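Read off the chains here:
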Amino acid sequence: MASKLGRGPPPLTKPRAPTLSTSTSTGAVRRTVRATSAPPKTAPIRPPARPTSRVASNTTRPGTTAATDERFDTIQQQISGIAANAARLDAELAQERAKRSDLQASHEALSRELTNAKTQELAQRQELFIASDELSSLRQRHEREISELQADLRRKDRELRELNEDLRMYQSDLERERETVKGLKATITQQATAQVGLTAQLGALQAEKAAVQVEFDRTSGSKAELALQLERAQKRVVELEQEAREGESIRRKLHNMVQELKGNIRVFVRVRPVLRSDLVSSTLHLSGSSVGAITDGTGSPDPEEEARLREESMARLAFPDKMDHKEIKLSSSNQSATGQERKDEWQFTFDRVFEPHSSQAEVFEEISQLAQSCTDGYNVCVFAYGQTGSGKSFTMEGGSSTTSAGMIPRAVEQVFRVADELKSKGWQYTMEGQFLEIYNETINDLLGKGEFDKKKHEIKHDPKSGRTTVTDVNVVPLASATQVRTLLALAQGRRTVAATLMNERSSRSHSVFTLRIRGENTLTGETCEGSLNLVDLAGSERLEKSGAGSDKDRLKETQNINKSLSALGDVIAALGEKGEGKGDKHIPYRNSKLTYLLQNSLSGNSKTLMFLNLSPLATHLNESLCSLRFATKVNNTTIGTARKQTKQT
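Just so you know, these numbers come straight off a predicted model, no measurement behind them. (Residues numbered from 1 in each chain as written. Predicted model: local features only at pLDDT ≥ 70, side-chain atom pairs only at ≥ 80, totals over all residues. Heavy atoms only, no water.)

Concerning the pairing of strand β1 (residues 266–271)
Point 1. Counting buried positions along β1 yields 6 of 6 residues, so the element is predominantly enclosed.
Point 2. Neither face of β1 is exposed, since Arg 266, Phe 268 and Arg 270 on one face and Val 267, Val 269 and Val 271 on the opposite face are all buried.
Point 3. Note that β1 and strand β16 (residues 607–614) share 6 bridges and pair parallel. Within β16, the residue paired with Phe 268 across the bridge is Phe 611.
Point 4. Relative to strand β5 (residues 352–354), β1 is paired through 3 bridges, and the arrangement is parallel. Residue pairing in the sheet places Val 269 in a bridge with Val 353 of β5. (Buried < 20%, exposed > 50% of the residue type's maximum accessible area, 1.4 Å probe, protein only. Helix = DSSP H or I, 4+ residues; strand = E, 2+ residues; numbered from the N terminus. Pairing = 2+ DSSP bridges.)

Written out as structure tokens, the structure is:
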């Protein structure tokens, strides 16, 4: 079959016509061409008629007879030639007919051969198609086998590589184990040598043990007695610590009662720690160097250089009262024009002084009872005061983590927690809150929608209830402390801040968060209304240090901030004079939107606490002294005793 497929079908033969004899004459060629057809029908050749006048002419003209005979003979010859040609043509026609019969037989044979060749070609083509299909299947099977062999080869190669890698690892492990065995042998040799020495030492130690055992037996009798004495001493220490804690708690409560009876504004002082940004700014200010001055060249802080810069940048602050934490002392030294060293010291006493390491939890612990008073029907006001960059916003609002939460979220959580605890005693509380800012002597609603509206917000005081309201502000009902944190985050994003030379995020407005609480006791019929005002004042600043004089907007903000803080100082001074009995002194609450908003908090209808925040930097010493003197004046101001807002039904 392969040989047949290689050679293919035999070529078809072209039939050839039989060879015909040709004649040299033209007439014979024409007759040969027409020999395949039927012979032409020729009319019988008749001899030409003889003219009747021949005899007459011969008789009449004997001279013309010879010519006529000659013509007759010629015609007879022509007739004889024509007859001979006809006979010859008949013979050739017979030959042509015979050839025609041969051609027809040859044609029929060729037709049969052609039919047989076509049949054979079809059979060969069918065989060719079958062989092609078999070849394709063989080729596909061969390709599959090749693919499987290649995949098997790749798998074998991969396994070989893995085995080689394992072999290298095992050889490496074997080398390490050999090294380890070698080291262990050396160690055993050394330990064998040392064992001899240890055996000798063991004998000496056993002798010493016998002597020590004798001493131990002698002292074991006194050990039990000492253990009993230690146990009694530890119990006494626990009792004294408990008494100290109870005494501290009683002392704080008595101190709060004394302050409430005195009617004074309580003042807490908090000194913030030195920040790394303070070191960078002080380094740039003093030496004009770059931030790399406090790094070791690799971008990481140099502890020694950082500690040195902290010590140089800090003001001389001391906290002499280690028991009650009520005193703060500032000192400075400089040279006079004559070259003599001049030392100055200033000491101040307040209700509580917090050192730089104090945490937010420690600060709130001192005001937790005060914040709780609003659930009892008191108006409570806590406001933060201090120069820009002293940490007021951090104290009041705090950071994002739980440990760094400020006084506002902690106070709100305290109020909600106390309200839940009082439910068992029949109290049901409803709470609502608002958040305002005073920017350039204009009141803005920080909980409003969209941009600050153009409404004119007015402050209203109710002399009967002592309640302060602001018109056209968004008052939000509060159901949980989490909702309050969400509102605080919204208000912080809308509050006006800007960067100055003293603080990269300086508050340019006073913010006031008010939490109003209304409680009703279903068992006794008693109702109470209280409020908690938490105020973050904008920081006082000097134009030459803050750099606000170069910006028209910052200049206007600084002027309005200092004006409102100055009005607060005038109100405090007037309250002090009124408390000293100098007649019916006019209190200028209306000189500023800030003082007018805080009128009830400063006029004796509220428990008021001022947080004074201080910067620890030596460059801010003058501003810190001014703030401390103002806080002393506030602490000595008598505003009267707060009244509880309750009603019996």
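Considering helix α7 (residues 360–372)
Point 1. Here α7 contains 13 residues, and its C-alpha end-to-end distance of 17 Å stays within 8% of the 18 Å for a straight helix at 1.5 Å per residue.
Point 2. The principal kink in α7, of about 45°, is found at Glu 366. (Expected span 1.5 Å × (residues − 1). Bend = angle between axes of the 7 residues up to and from the residue.)

Details of the packing of aromatic side chains
Point 1. What the rule picks out here adds up to 7 aromatic pairs.
Point 2. Taken together, a centroid distance of 6.4 Å and an interplanar angle of 20° make the contact between Phe 348 and Phe 350 stacked. Comparing Phe 348 with Phe 350 shows no difference in burial state: the two are buried.
Point 3. Grouping aromatic residues by their ring pairs yields a cluster made of Phe 268, Phe 354 and Phe 611. (Phe/Tyr/Trp six-rings, centres within 6.5 Å; stacked < 30°, edge-to-face > 60°.)

A few points about the sheet that holds strand β4 (residues 341–349)
In sheet architecture, strand pairing relies on hydrogen bonds along the backbone and comes in two forms, parallel and antiparallel.
Point 1. Taken in spatial order, the 3 strands make up an open sheet running β2-β3-β4, and their pairing is antiparallel. Each end of this open sheet is capped by a strand with a single partner; those strands are β2 (316–318) and β4. Neighbour-to-neighbour, the strand axes of the sheet open up by a mean angle of 20°, direction not taken into account.
Point 2. Where β2 and strand β3 (residues 327–335) come together, 3 bridges link them in antiparallel fashion. Counted as the bridge partner of Ala 318 is Lys 329 from β3.
Point 3. Strand contacts of helix α15 (residues 621–635): β3 and β4, with the helix running at about 35° to β4, the strand carrying the most contacts. (Axes fitted to C-alpha atoms, helices over the stretch in contact; angles between N-to-C directions. Contact = heavy atoms within 4.5 Å.)

Comments concerning α15
Point 1. In this model, α15 (15 residues) spans 21 Å end to end at C-alpha, consistent with the 21 Å of a helix rising 1.5 Å per residue.
Point 2. Regarding α15, the residues found buried are Leu 621, Glu 623, Ser 624, Leu 625, Ser 627, Leu 628, Phe 630, Ala 631, Val 634 and Asn 635.

Side note on the nonpolar core
Point 1. Counting 48 residues, the largest nonpolar core has Ile 328, Phe 350, Leu 602, Met 610 and Leu 628 as the members making the most contacts within it.
Point 2. When contributions to this core are tallied by element, the ones reaching two or more residues are β1, β3, β6 (379–386), β7 (427–439), α12 (552–579), α13 (593–597), β16 and α15.
Point 3. With 7 residues, α12 is the largest single contributor of residues to this core.
Point 4. Non-local contacts of Leu 602, meaning those with residues more than four positions away in its chain, are made with Ile 265, Leu 568, Val 571, Ile 572, Leu 575, Tyr 589 and Ile 639. (Core = buried A, V, L, I, M, F, W, Y, C linked by side-chain atoms within 4.5 Å.)

Let's talk about the pattern of salt bridges
Point 1. Scanning the entire structure with this criterion turns up 16 salt bridges.
Point 2. The salt bridge partner of Lys 460 is Glu 458, with a shortest N-O separation of 3.3 Å.
Point 3. The exposure class of Glu 458 is partly exposed, given its relative accessible area of 36%. (Salt bridge = Lys/Arg side-chain N within 4 Å of Asp/Glu carboxyl O.)

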